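Listed below are the residues making up each chain.
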Amino acid sequence: MSHRNNIKRLITNYNRRLQKLKEKQALQGIDVDPDVVIEIEDIEVEIEKLQAELKEIDSRAEPPAEVEVIPSGGDQGKPYRLSRLSANRDDELSLFKRILTDPEEEHILLIEAPGGQGKSTLLKEFRHLCPPESVALIDLKGQAVGLHEVFSEVCDILGWPYFHIFAETIGTMTNTTIPLDTFIDSLTIEAALKADDESSRRAYRLRLSRAFFEDLRRLSGRPVLIFDTFEAAPPDVAEWFREIFLRYTHRNPNLVVVIAGRTVPAETVTWSCRRHTLPPIDDPVHWQHYCRQVGLVLKNEWIEAYCVLFKGHPYEIVKALVTVAGQGG
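As a convention, each chain's residues are numbered from 1 in the sequence order in which they are written. Note on the predicted model: pLDDT of at least 70 is required for a residue's local features to be given, and 80 or more for side-chain atom pairs to be given and counted; whole-chain, interface and lining totals, by contrast, use all residues. Here the side-chain values reflect all heavy atoms present in the structure, with hydrogen atoms and water set aside.

## Some details on the overall build of the protein
Put simply, the rule reads: Elements are defined by DSSP. Helices are runs of H or I of four residues or more, strands are runs of E of two residues or more, and each kind is numbered from the N terminus. Each residue is placed in one exposure class: buried if its accessible area under a 1.4 Å probe, protein chains only, is under 20% of its type's maximum, exposed if it is over 50%, and partly exposed if it falls in between. For this analysis, residues touch if any pair of their heavy atoms sits within 4.5 Å. Using the Shrake-Rupley algorithm and a 1.4 Å probe, accessible areas are obtained, with residue cover drawn only from the displayed protein chains.
A tally of helices and strands in the protein yields 12 helices and 7 strands. Within the protein, the proportion of its 329 residues that are buried is 45%. Sequence-distant contacts, at least 24 apart, represent 70% of the contacts inside the protein between residues at least 6 apart. A total of about 17400 Å² of accessible surface is found on the protein, and carbon and sulfur atoms cover 51% of it.

Set out below in structure tokens:
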């Protein structure tokens, strides 16, 4: 979980504790334990500090990640600060910018490509183009990822205070009282979805999905949900995306959704989308520019040769360029 999400979770937990203490103070009046009053004041100070820190994080765009690569060559090998940006995805970035700003553009984007083509890197760049408070990037990698965790992760990132209807529905389905603005752990969501038969499970998924999308519909601004590694999603989660999630997304044109993977959901009659296959980057000019950006010094003939040899596959080309640069190429 990111530092920003940890701060938001701490604020939620502090608010929950603060609410209970203030209720106790109101009930006991002047007879309240002085320690309760002191704890209330301490918590209010902590919340104020955390909110200031969160505001500072949101005010600055997170820079693109870099990774240090140590080329071969022993002590003579010079480390390179290698940007994870790929050589050229300008078309895809322009497309995403249009989706964010042009209501006429299709607001569901499915990106399909084999491994190593730079899907995950591109999705991180998409996230950097969005206001941090309105975008959630979720990786579906791992068979342990269940639908309850998808719900939980989105609400954690965007903020539980915006998901009142969803929280109330969980409380109703689990016969529990859930205070407003309270963080709900994924196990509680899993309990709400649990049923003895498939028919009931489907009904519970649909009920919770409706509440989830009703809250998304009420969000101000334009929320953006980005999902990576779709091919790794368990069958029930993949089915939910195809049969329920994308159908409700289609009905909410203010919501932008990007799903990427080696495979992506197959279209149904209930929703439409824009499909995009990431092409190889086989133009040496783009890789020459990339090398200048990250400080790799290579002869143009090496760059041209690797573009042909690896047929524009970004991951393989980067590995080869770093190796040759480290050997004085």
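Once the structure has been displayed, the description carries forward.
## Considerations on the packing of aromatic side chains
Which entries qualify depends on this criterion: Each Phe, Tyr or Trp ring, with Trp reduced to its six-membered ring, pairs with another whose centre is within 6.5 Å; inter-plane angles below 30 degrees give stacked pairs, above 60 give edge-to-face pairs, and intermediate values give tilted ones. Whether a charge sits over a ring depends on NZ of Lys or CZ of Arg being within 6 Å of the ring centre and within 35 degrees of the ring normal.
Tallied over the full model, the rule gives 20 aromatic pairs. Relative to Phe166, the ring of Trp160 has its centre 6.1 Å away and its plane inclined at 25 degrees; by these criteria the two rings are stacked. Taken individually, Trp160 and Phe166 each receive the classification buried, so the pair is uniform in this respect. Summarising the aromatic geometry, the rings of Phe212 and Phe213 are spaced 5.6 Å apart at their centres and angled 90 degrees between planes, so their arrangement reads as edge-to-face. For Phe212, a relative accessible area of 1% puts it in the buried group. A connected cluster of aromatic rings, assembled from ring pairs, spans Phe151, Trp160, Phe163, Phe166, Phe212, Phe213, Phe227, Phe230, Trp240, Phe241, Phe245 and Tyr248. A cation over an aromatic ring shows up here: Arg251 above the ring of Tyr248, its NZ or CZ 5.0 Å from the ring centre.

## Quick look at the sheet that holds strand E5 (residues 224–228)
The condition that has to hold: Any two strands with at least two DSSP-identified bridges between them are counted as paired. The angle between two axes is taken between their N-to-C directions and runs from 0 to 180 degrees, where each axis is a line fitted to C-alpha atoms and a helix contributes only its stretch in contact.
One open sheet holds the 5 strands; their spatial order is E4-E5-E6-E3-E7, and the pairing between them is parallel. The strands lining the two open edges of the sheet, one partner per strand, are strand E4 (135–139) and strand E7 (274–277). Here the strands of the sheet are splayed against their neighbours by 15 degrees on average, with no regard to which way each runs. Bridge analysis of strand E3 (residues 108–112) against strand E6 (residues 256–261) gives 5 bridges, and the strand direction is parallel.

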